[in-house]
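Topology and contacts: notes
Residues per chain, in single letters:
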Amino acid sequence: MSVKIRLARRGRKKQAMYDVVVADARAPRDGRFIEKLGTYNPNTDPASIKLDDDKAFDWVMKGAQPTDTVRAMLSYRGVMMKKHLQIGVNKGAITQEEADKKLAAWINDKESKIQGKVDTLAKAKADKKKAALEAEKKVSDARAEELKKRAQEAEAALVEEIKEGGSEGNEDVEEDVAQVEEAQAAETKEETPVEEPKAEVKEEAPAEEVKEEPKAETKEEAPAEEVKEEPKAEVKEEAPAEEAKEEPKAEVKEEAPAEEAKEEDKKEG
(Lines give C-alpha, C1' and ligand atoms only; values in the text may rest on other atoms or scores of the structure.)
Protein backbone atom coordinates (compact mmCIF):
# COMPACT_ATOMS: atom_id res chain seq x y z
CA MET A 1 0.00 0.00 0.00
CA SER A 2 1.44 3.37 -1.02
CA VAL A 3 0.94 6.22 1.48
CA LYS A 4 0.84 9.89 0.53
CA ILE A 5 0.95 13.14 2.44
CA ARG A 6 -1.54 15.42 0.72
CA LEU A 7 -4.15 18.12 1.18
CA ALA A 8 -7.85 17.58 1.90
CA ARG A 9 -10.08 20.51 1.07
CA ARG A 10 -12.17 22.18 3.79
CA GLY A 11 -13.89 25.54 4.14
CA ARG A 12 -16.70 27.25 2.25
CA LYS A 13 -16.90 28.38 -1.36
CA LYS A 14 -14.15 30.81 -2.42
CA GLN A 15 -12.68 30.56 1.09
CA ALA A 16 -10.88 27.25 0.80
CA MET A 17 -8.80 25.82 3.65
CA TYR A 18 -6.92 22.54 3.62
CA ASP A 19 -5.94 19.83 6.06
CA VAL A 20 -2.54 18.17 5.70
CA VAL A 21 -3.28 14.45 6.03
CA VAL A 22 -1.61 11.09 5.58
CA ALA A 23 -3.86 8.91 3.44
CA ASP A 24 -3.91 5.90 1.15
CA ALA A 25 -3.09 6.86 -2.41
CA ARG A 26 -6.23 5.06 -3.61
CA ALA A 27 -8.57 7.02 -1.28
CA PRO A 28 -10.45 10.05 -2.64
CA ARG A 29 -9.03 13.50 -1.97
CA ASP A 30 -11.57 14.48 0.69
CA GLY A 31 -12.23 10.93 1.87
CA ARG A 32 -10.75 8.72 4.56
CA PHE A 33 -7.26 9.44 5.88
CA ILE A 34 -4.84 7.79 8.31
CA GLU A 35 -3.67 10.81 10.31
CA LYS A 36 -4.00 14.58 10.26
CA LEU A 37 -0.69 16.48 10.44
CA GLY A 38 -1.85 20.13 10.31
CA THR A 39 -3.66 22.84 8.33
CA TYR A 40 -2.89 25.18 5.44
CA ASN A 41 -4.64 28.51 4.76
CA PRO A 42 -3.66 30.21 1.46
CA ASN A 43 -6.04 33.18 2.04
CA THR A 44 -3.53 35.07 4.23
CA ASP A 45 -0.34 36.84 3.18
CA PRO A 46 1.98 35.09 3.77
CA ALA A 47 0.10 31.79 3.80
CA SER A 48 -0.58 30.28 7.23
CA ILE A 49 0.93 26.82 7.77
CA LYS A 50 0.34 24.93 11.01
CA LEU A 51 2.14 21.60 10.95
CA ASP A 52 3.38 19.01 13.39
CA ASP A 53 6.98 18.80 12.16
CA ASP A 54 7.94 15.72 14.19
CA LYS A 55 5.03 13.61 12.89
CA ALA A 56 5.64 14.79 9.33
CA PHE A 57 9.36 13.89 9.68
CA ASP A 58 8.47 10.38 10.95
CA TRP A 59 6.12 9.71 8.00
CA VAL A 60 8.68 11.02 5.53
CA MET A 61 11.38 8.76 7.01
CA LYS A 62 8.95 5.79 6.78
CA GLY A 63 8.58 6.37 3.04
CA ALA A 64 5.38 8.45 2.72
CA GLN A 65 5.47 10.40 -0.52
CA PRO A 66 4.31 14.08 -0.28
CA THR A 67 2.58 15.77 -3.17
CA ASP A 68 4.26 18.77 -4.84
CA THR A 69 2.36 21.31 -2.75
CA VAL A 70 2.99 19.44 0.48
CA ARG A 71 6.70 18.99 -0.42
CA ALA A 72 7.04 22.79 -0.79
CA MET A 73 5.37 23.19 2.60
CA LEU A 74 7.68 20.64 4.22
CA SER A 75 10.70 22.37 2.72
CA TYR A 76 9.40 25.69 4.01
CA ARG A 77 9.14 24.24 7.52
CA GLY A 78 12.58 22.54 7.36
CA VAL A 79 11.30 18.95 7.40
CA MET A 80 12.98 18.05 4.13
CA MET A 81 16.27 19.65 5.35
CA LYS A 82 16.05 17.57 8.48
CA LYS A 83 15.52 14.41 6.39
CA HIS A 84 18.56 15.24 4.28
CA LEU A 85 20.78 15.70 7.35
CA GLN A 86 19.43 12.57 9.01
CA ILE A 87 20.31 10.50 5.94
CA GLY A 88 23.89 11.85 6.18
CA VAL A 89 24.00 10.89 9.86
CA ASN A 90 22.74 7.39 9.05
CA LYS A 91 25.45 7.02 6.40
CA GLY A 92 28.11 8.36 8.81
CA ALA A 93 28.95 11.40 6.75
CA ILE A 94 28.33 13.75 9.70
CA THR A 95 27.58 13.41 13.38
CA GLN A 96 24.22 14.01 15.00
CA GLU A 97 25.49 17.12 16.77
CA GLU A 98 26.70 18.66 13.55
CA ALA A 99 23.39 17.86 11.91
CA ASP A 100 21.47 19.50 14.76
CA LYS A 101 23.64 22.63 14.59
CA LYS A 102 23.19 22.94 10.85
CA LEU A 103 19.42 22.46 11.22
CA ALA A 104 19.19 25.13 13.97
CA ALA A 105 21.19 27.61 11.86
CA TRP A 106 18.99 26.93 8.84
CA ILE A 107 15.78 27.38 10.89
CA ASN A 108 17.03 30.70 12.37
CA ASP A 109 17.94 31.97 8.92
CA LYS A 110 14.55 30.89 7.57
CA GLU A 111 12.65 32.54 10.42
CA SER A 112 14.53 35.80 9.93
CA LYS A 113 13.63 35.74 6.25
CA ILE A 114 9.99 35.05 7.08
CA GLN A 115 9.93 37.90 9.60
CA GLY A 116 11.56 40.21 7.09
CA LYS A 117 8.89 39.36 4.55
CA VAL A 118 6.13 39.99 7.09
CA ASP A 119 7.62 43.38 7.99
CA THR A 120 7.98 44.30 4.33
CA LEU A 121 4.36 43.42 3.64
CA ALA A 122 3.16 45.39 6.68
CA LYS A 123 5.23 48.41 5.62
CA ALA A 124 3.92 48.18 2.07
CA LYS A 125 0.37 48.04 3.39
CA ALA A 126 0.94 51.09 5.62
CA ASP A 127 2.55 53.03 2.75
CA LYS A 128 -0.34 52.16 0.48
CA LYS A 129 -2.83 53.38 3.06
CA LYS A 130 -0.86 56.60 3.59
CA ALA A 131 -0.67 57.23 -0.15
CA ALA A 132 -4.43 56.70 -0.45
CA LEU A 133 -5.07 59.20 2.37
CA GLU A 134 -2.77 61.78 0.77
CA ALA A 135 -4.46 61.34 -2.61
CA GLU A 136 -7.86 61.76 -0.98
CA LYS A 137 -6.64 64.90 0.82
CA LYS A 138 -5.37 66.37 -2.43
CA VAL A 139 -8.71 65.73 -4.09
CA SER A 140 -10.60 67.33 -1.21
CA ASP A 141 -8.27 70.36 -1.19
CA ALA A 142 -8.68 70.81 -4.94
CA ARG A 143 -12.44 70.60 -4.58
CA ALA A 144 -12.43 73.19 -1.78
CA GLU A 145 -10.24 75.51 -3.84
CA GLU A 146 -12.56 75.18 -6.80
CA LEU A 147 -15.61 75.98 -4.66
CA LYS A 148 -13.84 79.02 -3.23
CA LYS A 149 -12.94 80.21 -6.70
CA ARG A 150 -16.52 79.81 -7.89
CA ALA A 151 -17.78 81.78 -4.90
CA GLN A 152 -15.37 84.62 -5.64
CA GLU A 153 -16.41 84.67 -9.31
CA ALA A 154 -20.08 84.77 -8.36
CA GLU A 155 -19.45 87.63 -5.93
CA ALA A 156 -17.52 89.58 -8.58
CA ALA A 157 -20.31 89.03 -11.11
CA LEU A 158 -22.88 90.26 -8.60
CA VAL A 159 -20.87 93.42 -7.95
CA GLU A 160 -20.63 94.10 -11.68
CA GLU A 161 -24.37 93.62 -12.11
CA ILE A 162 -25.03 96.10 -9.31
CA LYS A 163 -22.69 98.64 -10.90
CA GLU A 164 -24.27 98.19 -14.34
CA GLY A 165 -27.76 98.47 -12.92
CA GLY A 166 -27.16 102.15 -11.98
CA SER A 167 -30.08 104.09 -10.62
CA GLU A 168 -32.54 101.27 -11.21
CA GLY A 169 -30.48 99.05 -9.04
CA ASN A 170 -30.25 101.75 -6.39
CA GLU A 171 -34.03 102.18 -6.42
CA ASP A 172 -34.48 98.47 -6.01
CA VAL A 173 -32.05 98.50 -3.11
CA GLU A 174 -33.88 101.43 -1.51
CA GLU A 175 -37.19 99.63 -1.90
CA ASP A 176 -35.73 96.54 -0.31
CA VAL A 177 -34.36 98.62 2.58
CA ALA A 178 -37.76 100.32 3.05
CA GLN A 179 -39.52 96.96 3.08
CA VAL A 180 -37.07 95.65 5.66
CA GLU A 181 -37.58 98.72 7.86
CA GLU A 182 -41.37 98.38 7.62
CA ALA A 183 -41.15 94.73 8.57
CA GLN A 184 -38.96 95.60 11.57
CA ALA A 185 -41.39 98.34 12.66
CA ALA A 186 -44.31 95.91 12.39
CA GLU A 187 -42.41 93.39 14.47
CA THR A 188 -41.70 95.98 17.17
CA LYS A 189 -45.38 96.98 17.26
CA GLU A 190 -46.39 93.39 17.65
CA GLU A 191 -43.85 92.84 20.39
CA THR A 192 -44.85 95.86 22.58
CA PRO A 193 -48.33 94.58 23.66
CA VAL A 194 -46.75 91.36 24.74
CA GLU A 195 -44.71 93.18 27.42
CA GLU A 196 -47.74 94.97 29.06
CA PRO A 197 -49.33 91.89 30.64
CA LYS A 198 -45.96 91.11 32.22
CA ALA A 199 -45.93 94.58 33.93
CA GLU A 200 -49.53 94.08 35.18
CA VAL A 201 -48.65 90.72 36.58
CA LYS A 202 -45.73 92.24 38.48
CA GLU A 203 -47.99 95.03 39.97
CA GLU A 204 -50.51 92.59 41.40
CA ALA A 205 -48.57 92.32 44.64
CA PRO A 206 -49.75 95.75 46.05
CA ALA A 207 -53.35 94.87 45.15
CA GLU A 208 -53.12 91.83 47.35
CA GLU A 209 -51.86 94.02 50.22
CA VAL A 210 -54.85 96.39 49.81
CA LYS A 211 -57.19 93.44 49.97
CA GLU A 212 -55.63 92.33 53.20
CA GLU A 213 -56.24 95.69 54.99
CA PRO A 214 -60.07 95.38 55.21
CA LYS A 215 -59.53 92.04 56.90
CA ALA A 216 -57.65 93.81 59.71
CA GLU A 217 -60.50 96.38 60.08
CA THR A 218 -63.11 93.66 60.41
CA LYS A 219 -61.10 92.15 63.23
CA GLU A 220 -61.19 95.54 65.11
CA GLU A 221 -65.00 95.88 65.03
CA ALA A 222 -65.29 95.03 68.70
CA PRO A 223 -64.34 98.57 69.88
CA ALA A 224 -66.89 100.02 67.42
CA GLU A 225 -69.66 98.15 69.17
CA GLU A 226 -68.59 99.64 72.49
CA VAL A 227 -68.80 103.14 70.96
CA LYS A 228 -72.35 102.44 69.82
CA GLU A 229 -73.35 101.43 73.33
CA GLU A 230 -72.19 104.75 74.86
CA PRO A 231 -74.76 106.94 73.03
CA LYS A 232 -77.49 104.63 74.29
CA ALA A 233 -76.42 105.43 77.85
CA GLU A 234 -76.61 109.19 77.08
CA VAL A 235 -80.10 108.82 75.68
CA LYS A 236 -81.21 107.26 78.92
CA GLU A 237 -79.84 110.23 80.89
CA GLU A 238 -81.84 112.77 78.87
CA ALA A 239 -84.88 112.36 81.13
CA PRO A 240 -83.65 114.95 83.70
CA ALA A 241 -83.07 117.39 80.85
CA GLU A 242 -86.77 117.20 79.96
CA GLU A 243 -87.66 117.89 83.56
CA ALA A 244 -85.42 120.94 83.42
CA LYS A 245 -87.30 122.21 80.40
CA GLU A 246 -90.62 121.80 82.23
CA GLU A 247 -89.47 123.90 85.18
CA PRO A 248 -89.21 127.12 83.21
CA LYS A 249 -92.78 126.63 82.09
CA ALA A 250 -93.76 126.59 85.70
CA GLU A 251 -91.83 129.85 86.22
CA VAL A 252 -93.64 131.42 83.28
CA LYS A 253 -96.92 130.60 84.86
CA GLU A 254 -95.78 132.15 88.09
CA GLU A 255 -94.75 135.35 86.33
CA ALA A 256 -98.29 136.10 85.37
CA PRO A 257 -99.27 137.46 88.83
CA ALA A 258 -96.22 139.73 88.77
CA GLU A 259 -97.38 141.33 85.56
CA GLU A 260 -100.84 141.75 87.00
CA ALA A 261 -99.30 143.48 90.00
CA LYS A 262 -97.47 145.90 87.67
CA GLU A 263 -100.64 146.69 85.83
CA GLU A 264 -102.45 147.37 89.12
CA ASP A 265 -99.69 149.74 90.19
CA LYS A 266 -99.99 151.61 86.90
CA LYS A 267 -103.74 151.94 87.37
CA GLU A 268 -103.29 153.16 90.89
CA GLY A 269 -100.72 155.69 89.81
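Residues numbered from 1 in each chain as written. Predicted model: local features only at pLDDT ≥ 70, side-chain atom pairs only at ≥ 80, totals over all residues. Heavy atoms only, no water.

**Thoughts on the side chain of Arg6**
As for its position among the elements, Arg6 is in strand S1 (residues 3-12). Although buried, Arg6 forms no salt bridge, and the nearest oppositely charged side chain, Asp24, lies 7.3 Å from it. Engagement of the side chain of Arg6 in a polar contact is seen with the backbone oxygen of Pro28, the distance being 2.9 Å. Setting aside its immediate chain neighbours within four residues, Arg6 contacts Asp19, Val20, Val21, Ala23, Asp24, Ala25, Ala27, Pro28, Arg29, Thr67 and Val70. (Helix = DSSP H or I, 4+ residues; strand = E, 2+ residues; numbered from the N terminus. Buried < 20%, exposed > 50% of the residue type's maximum accessible area, 1.4 Å probe, protein only. Lys, Arg positive; Asp, Glu negative; His and termini not counted. Salt bridge = Lys/Arg side-chain N within 4 Å of Asp/Glu carboxyl O. Polar contact = N/O pair within 3.5 Å; in protein donor to acceptor, adjacent residues only side chain to side chain. Contact = heavy atoms within 4.5 Å.)

**Section: the side chain of Asn41**
Relative to the assigned elements, Asn41 resides in strand S3 (residues 35-41). Look at Asn41 and you get buried, because its relative accessible area is 17%. Side chain to side chain, Asn41 and Asn43 meet in a polar contact 3.0 Å long.

**Considerations on helix H2 (residues 68-77)**
Inspection of H2 places Val70, Met73 and Leu74 among the buried residues, and these make up the whole buried set. Projected down its long axis, H2 carries its buried residues within an arc of 100 degrees, all on one side. Within two residues after H2, Gly78 carries a phi angle of roughly 90 degrees, on the positive side. (Arc of directions from axis to C-beta.)

**A look at the layout of surface pockets**
The volume enclosed by the largest pocket comes to roughly 150 Å³. Asp53, Tyr76, Arg77, Trp106, Ile107, Lys110, Glu111 and Ile114 are the residues that line the largest pocket. Looking at the lining of the largest pocket, the elements with two or more residues in it are H2 and helix H4 (96-202). In terms of residue count, H4 provides more of the lining of the largest pocket than any other element does, five residues in total. A per-class count over the lining of the largest pocket returns four nonpolar, no polar and four charged. (1 Å grid on protein atoms, 1.4 Å probe; cavity = no way out; pocket = protein on both sides within 12 Å on 5 of 7 lines; lining within 4 Å. Points joined across faces, edges and corners; volume = space filled by probe spheres on them. Nonpolar A, V, L, I, M, F, W, Y, C, P; charged D, E, K, R; others polar.)

Everything listed here is a matter of geometry and, on its own, says nothing about what the molecule does.
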